[in-house]
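# Coordinates in review
Below are the chains, spelled out letter by letter.
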Amino acid sequence: MRKYFEFDKLGTNYRREIIAGITTFLAMAYILAVNPFILSGADLPPDLKANYPEFGAVFTATALAAALGTLLMGILGRLPIGQAPGMGLNAFFTYTVVLTMQIPWQQALAGVFLSCTIFLILSLTGVREAIIKAIPQSLKYAVSAGIGLFIAFIGLKNAGIIVANDATFVALGHLTFYHEGMKPEDILAAKNALLAVFGLIVTVILLSRKINAGIFIGMLITAVTGMFFGLVNLPEQIVSAPPSLAPTFGAAFQYLGDPSALFTVNMLIVVLTFLFVDFFDATGTLLGVANQAGLLREDGNLPRPGKALASDAIAGMAGAVLGTSTTTAYVESTAGVAAGGRSGFTAVVTGIMFLLALFFSPILAIVTPAVTAPALIIVGVLMASHIAKVAWDDLDEAFPAFLTILLMPLTYSIATGIATGFIVYPVMKVMKGKAREVHPAMYVLFFVFLAYFIWLRE
């Protein structure tokens, strides 16, 4: 095993790799609570929850998908990188595809499976490099930043820090419960909003002090504080058998064999969005983490790039079968690298930890909107940092990027933001006399996304 994972070449050992694997798990562990919360529509009104998969089944799917994806990355890709259902993609799945587009969650899972299948083909055939070159850098950064703002907005809304307002659309929620005449439900909402603010402050402090598992620890501290004030229920037990996977396992297959359900404009946009976000997110994360670990080749590429990207794609396909949104590489893996992880054995340890986590599902009783909100907001902040990389001095680059970033949270739709940017970008270039600078693939996508707006309501 030491030889297979090249311990001597990489200057590592079992002790260092195990510590790094556990560190990566702790940095990623929040997804075990946040992903089921988002995909099950736990923050939505009771009458809408019937249109979403069961919380327990999604938890099991999340843990299994993360374990399988991480083990694949460790054994095949031999990289110290963890995988799990991606933040942003799960929000797109729930709030755009299911809630806004009214696409059944089973059909949405079919879209995830199809997009990851395409990703696998692109990874194995070497087309990946050509596609990466076709998409402008400014739009890549804008998509990531826009998703960050969208996720942060969801967190603020779920916590009650931001609320609906008839006059201004949105407004600051109740952050005090000392006003006379306040209704009991308003007092409870105010307490939960303050709990979320407390959790956010704690999490920011932990992360600013370079504590690798800051998001996970912040959620725990917020939950315990909520228990003390009677806002979070105590779990009845700690350990139990994993929740049944039956409600979600294989649900995608009922649509994969139905061309009339798959080959529509809306589903084309869904598949393209899943593919686009995962494609660049996975590539960027793999390169970034590998670079930090000093594992990139002299030409700046990944070692065994085909196997690494194939591991990501296969994990996404398996996750869709299990019942969760797209599984992808996690930038939190840098925590394990910082702890000394250099080989795929780090990922193997992380994968085993996700398997063990299956037996601690009762702890998820502490998960409330106030507990998950700080994690969503912080992840949003980290993703929004890509705003700085947009070429703001060049208007034909900046304007499409700005619309992409702005419209995601304002329309409550990641797809709408991406579609707008991909329509406006070639138009701006043509108007400026730079039509030849636009890759032909961008013109194809222009018409695809234009069709999305024209037939959106059909």
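Residues numbered from 1 in each chain as written. Predicted model: local features only at pLDDT ≥ 70, side-chain atom pairs only at ≥ 80, totals over all residues. Heavy atoms only, no water.

The name given to the protein chain in an unreviewed UniProt entry is Guanine permease, with the source organism recorded as Brevibacillus fortis. Listed under Subcellular location (unreviewed entry) in UniProt, the entry text for the protein chain is "Cell membrane". (UniProt positions renumbered as here; feature names shortened; annotations may be inferred.)

### Section: the layout of surface pockets
Rolled over the atoms, a probe sized like a water molecule indicates the empty space that remains. For the largest pocket, the calculated volume is near 1,600 Å³. As for the largest pocket, its lining consists of 50 residues, and the residues nearest its centre are Asp-281, Thr-285, Val-331, Leu-382 and His-386. Where the lining of the largest pocket is concerned, the elements lending two or more residues are helix H8 (128-134), helix H9 (137-159), helix H10 (184-208), helix H14 (265-292), strand S4 (327-329), helix H16 (333-338) and helix H18 (369-384). Counting residues per element, the lining of the largest pocket draws most heavily on H14, at 11 residues. Tallied by class, the residues present in the lining of the largest pocket amount to 28 nonpolar, 15 polar and seven charged. (1 Å grid on protein atoms, 1.4 Å probe; cavity = no way out; pocket = protein on both sides within 12 Å on 5 of 7 lines; lining within 4 Å. Points joined across faces, edges and corners; volume = space filled by probe spheres on them. Helix = DSSP H or I, 4+ residues; strand = E, 2+ residues; numbered from the N terminus. Nonpolar A, V, L, I, M, F, W, Y, C, P; charged D, E, K, R; others polar.)

### Quick look at the packing of H14 against helix H21 (residues 440-454)
The relative placement of two packed helices comes down to the angle between their axes together with the axis-to-axis distance. Close contact between H14 and H21 brings their axes to 9 Å; oriented N to C, the two are set at 125°. With respect to their mutual orientation, H14 and H21 come out oblique. Crossing of H14 over H21 shows left-handed handedness. Within the contact between the two elements, H14 uses Val-265, Asn-266, Leu-268, Ile-269 and Leu-272 and H21 uses Leu-445, Val-448, Phe-449, Ala-451 and Tyr-452. Split into classes, the residues belonging to the contact of H14 with H21 amount to nine nonpolar, one polar and no charged. (Axes fitted to C-alpha atoms, helices over the stretch in contact; angles between N-to-C directions. Parallel < 35°, antiparallel > 145°, perpendicular 65-115°, else oblique. Left-handed = near helix turned anticlockwise from the far one by under 90°. Contact = heavy atoms within 4.5 Å.)

### Overview of the packing of aromatic side chains
Enumeration over the complete set of coordinates arrives at 18 aromatic pairs. Ring centres of Phe-25 and Phe-354 lie 5.0 Å apart, and the angle between their planes is 80°; this geometry places the pair in the edge-to-face category. Taken together, the residues span a long stretch of sequence, with Phe-25 in helix H2 (residues 14-28) and Phe-354 in helix H17 (residues 344-357) at a distance of 329 residues. Each member of the pair, Phe-25 as well as Phe-354, carries the same accessibility label: buried. With a centroid separation of 6.4 Å and an interplanar angle of 45°, the aromatic rings of Phe-93 and Phe-274 are classed as tilted. Residue Phe-93 is found in helix H6 (residues 89-100), and its partner Phe-274 is found in helix H14; the two are separated by 181 residues along the sequence. Side by side, Phe-93 and Phe-274 carry an identical accessibility label, which is buried. The rings of Tyr-4, Phe-5, Phe-7, Tyr-14 and Phe-345 are connected pair by pair, giving a single aromatic cluster. (Phe/Tyr/Trp six-rings, centres within 6.5 Å; stacked < 30°, edge-to-face > 60°. Buried < 20%, exposed > 50% of the residue type's maximum accessible area, 1.4 Å probe, protein only.)

### Describing the nonpolar core
Across soluble globular proteins, you tend to see nonpolar side chains buried next to one another. Met-87, Phe-93, Leu-286, Ile-418 and Phe-422 are the most contacted members of the largest nonpolar core, which has 120 residues in total. Setting aside its immediate chain neighbours within four residues, Met-87 contacts Tyr-30, Ile-31, Val-34, Ile-38, Ile-151, Tyr-330, Leu-376, Val-379 and Met-383. (Core = buried A, V, L, I, M, F, W, Y, C linked by side-chain atoms within 4.5 Å.)

### Re the pairing of strand S3 (residues 169-172)
Here strand S2 (residues 162-165) runs beside S3; their pairing, made up of four bridges, is antiparallel. In the strand pairing of S3, Val-163 is matched with Ala-171. (Pairing = 2+ DSSP bridges.)

### Description of H18
Taking 1.5 Å as the rise per residue, H18 with 16 residues should run 22 Å; its terminal C-alpha atoms sit 22 Å apart, in good agreement. Burial analysis of H18 places 13 of its 16 residues in the buried class, which makes it a mostly covered element. (Expected span 1.5 Å × (residues − 1).)

### Focus on the side chain of Asn-192
In this structure, Asn-192 sits in helix H10. Setting aside anything within four residues of it in sequence, one finds Asn-192 in contact with Ala-159, Leu-231 and Ala-370.

### Focus: unusual backbone geometry
One non-glycine residue, Glu-6, lies in positive phi territory at about 55°. Position of Glu-6 relative to the elements: it lies in the segment before helix H1 (7-10). Phi at Arg-78 takes a positive value of approximately 55°, unusual for a residue other than glycine. Relative to the helices and strands, Arg-78 resides in the loop between helix H5 (55-77) and strand S1 (83-85).

### As for a nonpolar patch on the surface
A surface patch of nonpolar side chains, amounting to about 590 Å² of accessible area, comprises Trp-392, Leu-395, Phe-399, Phe-402, Leu-406 and Leu-410. The class of Leu-406 is partly exposed, set by a relative accessible area of 32%. (Patch = residues over 30% accessible without salt bridge, like charges linked within 9 Å, V, L, I, M, F, W, Y side chains within 5 Å. Areas by Shrake-Rupley, 256 points an atom, 1.4 Å probe, with all protein chains shown as cover. Salt bridge = Lys/Arg side-chain N within 4 Å of Asp/Glu carboxyl O.)

### What to know about the environment of Leu-114
In this fold, Leu-114 is placed in helix H7 (residues 105-125). On the basis of relative accessibility, which here comes to 28%, the residue Leu-114 falls in the partly exposed class.

### Concerning the pattern of salt bridges
The full count for this structure, using the stated rule, is seven salt bridges. With a closest N to O distance of 3.6 Å, Lys-434 and Asp-396 form a salt bridge. With Lys-434 in the loop between helix H20 (414-431) and H21 and Asp-396 in helix H19 (residues 395-411), this pair connects stretches of sequence that are 38 residues apart. Residues participating in the shared-partner salt-bridge network are Asp-394, Asp-396, Glu-397, Lys-429, Lys-432, Lys-434 and Glu-437.

### Concerning the side chain of Thr-346
Here Thr-346 lies in helix H17. A distance of 2.7 Å separates polar atoms of two side chains, one belonging to Thr-346 and the other to Glu-17. Each residue touching Thr-346, except ones within four places of it in the same chain, is listed here: Glu-17, Ala-20, Gly-21, Thr-24, Pro-80 and Gly-341. (Polar contact = N/O pair within 3.5 Å; in protein donor to acceptor, adjacent residues only side chain to side chain.)

### Brief notes about the packing of H7 against H14
The N-to-C vectors of H7 and H14 enclose an angle of 50°; their axes lie 9 Å apart at closest approach. The angle between the axes of H7 and H14 places the two elements in the oblique class. When you trace H7 past H14, the crossing you get is right-handed. Contact with H7, carried on its side by Gln-107, Ala-108, Gly-111, Val-112, Leu-114, Ser-115, Ile-118, Phe-119 and Leu-122, involves Met-267, Val-271, Phe-274, Leu-275, Asp-278, Phe-279 and Ala-282 of H14 and no other residues of that element.

### Side note on H7
Within an α-helix, residues lying three or four positions from one another point in the same direction, as the helix has 3.6 residues per turn. Helix length check: H7, at 21 residues, gives a terminal C-alpha distance of 30 Å against a target of 30 Å (1.5 Å per residue), a fit within 8%. Counting buried positions along H7 yields 15 of 21 residues, so the element is predominantly enclosed. Of the residues trailing H7, Gly-126 is marked for its positive phi of about 80°.

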